[in-house]
Amino acid sequence: MSEAVHPTRLPEREKPWMMRTYAGHSTAKASNELYRRNLAKGQTGLSIAFDLPTQTGHDPDEELARGEVGKVGVPIAHVGEMEALMEGIPLGEMNTSMTINATAAWLLALYIVAAERQGVPQERLTGTTQNDIIKEFLARGTYAFPPEPSMRLIADMVAYTVGNVPKWNPINICSYHLQEAGATPVQEIAYSLSNAIAVLDAVRERLGGQADELMGKVFGRISFFVNAGVRFVEEHAKLRAASILWEEIGRERYGVSDPRQLRFRYGVQVNSLGLTEAQPENNVQRIVLEALAVTLGRNARARAIQLPAWNEALGLPRPWDQQWSLRIQQVLAFETDILEYPDIFEGSKVMDGLVAELLAGARAEMAVVAEHGGAVAAVPYMKAALVDSHRERIRRIEAGEQVVVGQNRFTESEPSPLTADAEGGILVVDPAVEAQEIEAVRRWRAERDQAAVDAALADLSRVATEDGAERGNLMEASIVAARAGATTGEWAGALRAVFGSYRAPTGVGEASAPAGTASEPERLAALRDRVSALGEQLGRRPKILVGKPGLDGHSNGAEQIAVRARDAGMDVVYEGIRLTPSQIAASALQEGVHVIGLSILSGSHRELIPAVMEALREAGVSAPVIVGGIIPEQDAAALRQAGVAAVYTPKDFDISKIMSEIIDLLGTSANADGNGAASPSAPGTAARPAPPSAASKSAK
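Residues numbered from 1 in each chain as written. Predicted model: local features only at pLDDT ≥ 70, side-chain atom pairs only at ≥ 80, totals over all residues. Heavy atoms only, no water.

## Thoughts on the overall build of the protein chain
Rules: Here a helix means four or more residues in a row that DSSP labels H or I, a strand means two or more in a row labelled E, and each is numbered from the N terminus. Note on method: radius of gyration uses C-alpha positions; expected globular size equals 2.2 Å times residues raised to 0.38. Throughout, exposure labels follow a simple rule: accessible area from a 1.4 Å probe, protein chains only, divided by the maximum for the residue type, with under 20% read as buried, over 50% as exposed, and the rest as partly exposed.
On a plain count of helices and strands, the protein chain comes out with 25 helices and 15 strands. Relative to its length of 700 residues, the protein chain is compact, with a C-alpha radius of gyration of 25 Å against a globular reference of 27 Å. With the C-alpha coordinates aligned to their principal axes, the bounding extent of the protein chain is approximately 75 × 70 × 50 Å. For the protein chain, the residues scored as buried account for 63% of the 700 residues in total.

## Re unusual backbone geometry
Despite not being glycine, glutamine 279 shows a phi value in the positive range, around 45 degrees. In this fold, glutamine 279 is placed in the loop between β9 (266–269) and α12 (282–293). For glutamine 279, a relative accessible area of 13% gives the class buried. In this structure, arginine 578 is a non-glycine residue whose phi angle is positive, near 65 degrees.

## Considering the domain arrangement of the protein chain
A common way to report how large an interface is uses the accessible area buried once the components associate. As a reminder, the rule being used: Domain start and end points were adopted from an automatic or database domain assignment. Whether two residues are in contact is decided by their heavy atoms: any pair within 4.5 Å suffices. Summed over both partners, the accessible area lost on bringing two parts together, with a 1.4 Å probe, is the buried area.
Annotation of the protein chain at the domain level lists domain 1 (18–335 + 342–405) and domain 2 (521–698). Put simply, the middle of domain 1 and the middle of domain 2, counted by C-alpha atoms, are 32 Å apart. Counting residues at the interface gives 41 residues for domain 1 and 41 residues for domain 2. For the pairing of domain 1 and domain 2, the buried interface totals around 3,300 Å² over both sides, and the portion due to carbon and sulfur atoms is 54%.

## Here we look at empty space enclosed by the protein
The following threshold applies: As defined here, a cavity is a set of points on a 1 Å grid over the protein atoms alone where a 1.4 Å probe fits but cannot get out. A pocket is an open set with protein on both sides within 12 Å along at least five of seven lines, and residues line them when an atom is within 4 Å of a point. Grid points are joined across faces, edges and corners, and a volume is the space filled by probe spheres set on the points. In the scheme used here, Gly and all other residues not listed as nonpolar or charged are polar, with Ala, Val, Leu, Ile, Met, Phe, Trp, Tyr, Cys and Pro taken as nonpolar and Asp, Glu, Lys and Arg as charged.
Scanning the entire structure with this criterion turns up ten cavities of 30 Å³ or more. Here the largest cavity is characterised by a volume of approximately 110 Å³. Lining the largest cavity are 18 residues, and of these Phe137, Ala504, Pro505, Ser555 and Ile577 sit closest to its centre. Ranked by residue count, the leading element in the lining of the largest cavity is helix α5 (residues 133–140), at five residues. Its residues assigned to classes, the lining of the largest cavity comprises eight nonpolar, five polar and five charged. Two domains share the lining of the largest cavity, each providing at least three of its residues, namely domain 1 (18–335 + 342–405) and domain 2 (521–698).

## Regarding helix α23 (residues 605–619)
Convention followed: Expected span of a helix, by definition, is 1.5 Å for each gap between consecutive residues, and there is one gap fewer than residues.
The end-to-end C-alpha separation of α23 is 20 Å, in line with the 21 Å expected for 15 residues at 1.5 Å each. Along its buried surface, α23 packs onto α22 (581–591), β13 (595–600), β14 (625–629) and α24 (633–641). Immediately downstream of α23, the backbone of glycine 620 shows phi near 80 degrees, a positive value.

## Concerning the pattern of salt bridges
Short version of the rule: Salt bridge, as applied in this entry: a Lys or Arg side-chain nitrogen positioned within 4 Å of an Asp or Glu carboxyl oxygen.
In total, this model carries 46 salt bridges according to the counting rule given. Notably, a salt bridge pairs glutamate 136 with lysine 135, separated by 2.6 Å at the nearest N-O pair. The class of glutamate 136 is buried, set by a relative accessible area of 1%. Across the pair arginine 566 and aspartate 567 runs a salt bridge whose closest N-O atoms are separated by 2.9 Å. Residue arginine 566 is classed as partly exposed on the basis of its relative accessible area of 27%. Each of Asp59, Asp61, Arg442 and Arg445 takes part in one network of salt bridges that share partners.

## Some words on the packing of helix α10 (residues 232–254) against helix α14 (residues 349–371)
Let me state the cut-off plainly: Every axis corresponds to a line fitted to the C-alpha atoms, with the helix fit spanning only the stretch in contact, and the corresponding angles, defined between N-to-C directions, vary from 0 to 180 degrees. An angle counts as roughly parallel when it lies under 35 degrees, as roughly antiparallel when it exceeds 145, as roughly perpendicular when it falls between 65 and 115, and as oblique in every other case. Put simply, a crossing is left-handed when the front helix is turned counterclockwise from the back one by less than a right angle, and right-handed when it is turned clockwise.
Where α10 contacts α14, the two axes come as close as 8 Å, and the packing angle between them is 55 degrees. Classed by the angle they form, the pair α10 and α14 counts as oblique. The element α10 and its partner α14 pack so that their crossing is right-handed. Residue-level inspection shows Val233, Glu234, His236, Ala237, Lys238, Arg240, Ala241, Ile244, Leu245, Glu248 and Ile249 of α10 in contact with α14, the latter providing Met351, Leu354, Val355, Leu358, Leu359, Ala362, Arg363 and Met366. The residue inventory of the contact of α10 with α14, partitioned by class, reads 13 nonpolar, one polar and five charged.

Given below as structure tokens:
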């Protein structure tokens, strides 16, 4: 039928969503070159990936930054590096998304000052800071301060931007990582909207007498960053349900009536958890299908999209890989007809039924969160629920109930030419980058006006100590510190000195015992029998330490190993994320563990695993070490040669099998020392597959 007479086609083709690729690595200069190339290819906005030290408030030369600098994003230690990152990019015209949470106020301050130096006033800046700290405690791990002061930082930032940077989205409530941590669609809706309520309540309190006047503007600047999995019909229904609930919350809880302010505005990164290391070429069609979930229905269409690359389960994507993901968006937007029609799901009985089902479940789960005191107080409850949901997902995959093509079904495959190069089809960051960044930040400190920095940091500390309605705004103090030349680590250090440190709940201890299926209890019972027999051989119950060295906060895989080891009858030592090699060694010695499992997904395994091995040797710990994470085969071979007993990667999804192999490992090296801990296995032995780990970069 021709365009002129088609009864349902829109009168004018809809404008496409904003197209981004999530990018940044090595240095500000290298990332700037990448951004400018991507913009030349048709990308319409920036999505900045920061490295883990920047995300958690550490300078490149701090101990916890070791091995992490420039790995999963770009290091930004001061305003000079922000200027270099944005060189030649007109900030008055660019829409910039920054995946930054704990240090969001600081990075926005650096961005504002860099724009000033381009001659662009902050009133013209457009973009988004992720800045959803509650989900960091639940799923991603890049927090820096305890919950209450973290919420104060967010409230100050929202209040500042509404008045001074009115086109900026100061926070996007982030359900993406909840799904990556195992959330069901109901949990993803309920927990993200509960998080949004906690933020809005904190901002309303911060605004005081101005709340009635400004809450509509505040509500209208809240955006969301969502996930879309491969079950794209259900995923689309999820977004329609979230939109309905969001409007209800705005009208009923905050008195918002302007339809423009009530819109559920979201950007999307489609699912990375479902990407596989096995047959990674299958990830391309997964990404396309997931993109359909957020583009097919006009009434719930994403405003901005960034797609992962096909090889993110293998390591850091190359520019060519990111270009492929950009081209997927461009084909959808400009070659297909999805932008030519009204909402194709309107009136669908299937869609309406799914939406109603999700609404009922989400309302019920939000009520449970409210009963726990709201999202901040309910972090332990939500964390345990996510660990349970993720365990159930893994159980279904292990049992074959949930098919993953190429991983647990249709596993026969031809060798892939996509991974045939020397680097295994991924980008490898030059190890020299870290040394260069350390030298650069020390040179920056030596050449700046130290008195101005000291004064600015003292003022920041003073504002942080203030309380009550008349307290100063931390965003304003951060901008002053950025202009003076303070560093990321100094800014965070000043606030840590006032706010203190924090370690989020792991959810492992609270996770319920597995219900399982007919097959799983049988496998678990067999594991328990073997663990019991091993305990008799060792003279006590086998004990495993699960550790996460460095700044990698993606703990899903580590948590599932810890839970399964506990369910199998082992004693488990798991203290959560962000541990130094010396802390891991001290804990292993104190606890007298029989085996040590280390999890790293950030690409820092080449630096941190040898450091942990050395710390264990110095402490006199002889337990064998196993490693899990996103680890290329060439690196796995080097780790085994260095004495690691087994290396596991995302293709290894069967945790019961992994636990069986750990028991084998301990059984063959059970010359117990005086503490009952097993002696080390020979270097290069037990080269087996490894624990499942989230198949997304730690920066996301």
